[in-house]
Structure formats: C-alpha cells, structure tokens
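# Report on the structure
Single-letter residue listing:
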Amino acid sequence: MRNDTQQKYLHYVEAKSEANMASVFSEEKATLILRNHIQHAGLSRAEVLAMEDKYQQDMHRIFEEHGIL
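Bear in mind that the values here come from a model prediction, so they are computed numbers and not experimental data.

### Quick word on the overall build of the protein chain
If you tally the helices and strands in the protein chain, you get three helices and zero strands. When the helices and strands of the protein chain are read in sequence order from the N terminus, they spell out α-α-α. Along the first, second and third principal axes, the C-alpha set of the protein chain runs to 35 × 35 × 15 Å. Residues counted as buried form 25% of the 69 residues belonging to the protein chain. Counting contacts in the protein chain only where the partners sit at least 6 residues apart, residues at least 24 apart contribute 54% of the total. Working note: accessible area of the protein chain is about 5,200 Å², and carbon and sulfur atoms make up 55% of it. Considering the protein chain, the positive charge centre built from 8 side chains and the negative charge centre built from 11 side chains are found 5 Å apart.

Basis of the calculations
- Along every chain, residues carry numbers that run from 1 in the direction the sequence is written.
- Two thresholds apply to this predicted model, a pLDDT of at least 70 for residue-level local features and 80 or more for giving and counting side-chain atom pairs, whereas whole-chain, interface and lining totals are computed over all residues.
- With hydrogens and water excluded, all non-hydrogen atoms of the structure serve as input to the side-chain values.
- Note on conventions: DSSP H or I runs of at least 4 residues are helices, E runs of at least 2 residues are strands, and numbering of each starts at the N terminus.
- When accessible area is computed with a 1.4 Å probe and restricted to protein chains, residues below 20% of their type maximum are described as buried, those above 50% as exposed, and intermediate ones as partly exposed.
- A contact between two residues is defined here by any heavy atoms of the two lying within 4.5 Å.
- Note on areas: Shrake-Rupley, 1.4 Å probe, and residue coverage restricted to the protein chains presented here.
- Residues scored as charged are limited to Lys and Arg (positive) and Asp and Glu (negative), so that His and the chain ends carry no count.
- We put the charge of a Lys on NZ, of an Arg on CZ, of an Asp on CG and of a Glu on CD.

Below, the structure is given as structure tokens:
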C-alpha cells in the first residue's frame with residue numbers, strides 16, 4: 001500500500017474501533033461515527049468497500065493467530 005492509502009486505512013480502522021465501541025450503546029451512534037469519519041477522510045464508496053474487506057481479513061487473521069477462531 002502507498003503511504004496515503006495506509007494512512008486512510010489506519011484512519012478507517014480507528015473509525016471502526018470507535019464505532020464498534022459506540023455500537024454497545026447505540027447502532028445509530030455507531031453508524032453516525034463511521035459515516036462522519038468516512039466523509040471527513042473523503043473516502044469513495046469503492047475505497048470504503050476495499051477497506052472494509054481488508055479490515056475483515058485482518059481481523060480474521062488476528063483472531064486466528066491468537067486462537068480466538
């Protein structure tokens with residue numbers, strides 16, 4: 001990944017973490033947090049879909065490495 005792409009992905013991961021924590025209390029709040037981060041970062045729909053796919057793969061890999069899955 002290029003540096004710019006890495007920065008966007010790290011920002012996306014931070015947004016997902018924040019949204020996941022908020023979802024304990026409210027799905028609407030979680031959606032709003034994630035949407036705001038995406039808009040602020042200026043991510044396109046294609047970028048968000050690609051980042052979500054990478055995020056899911058990374059989480060799966062991490063869980064497997066730690067024996068959670």
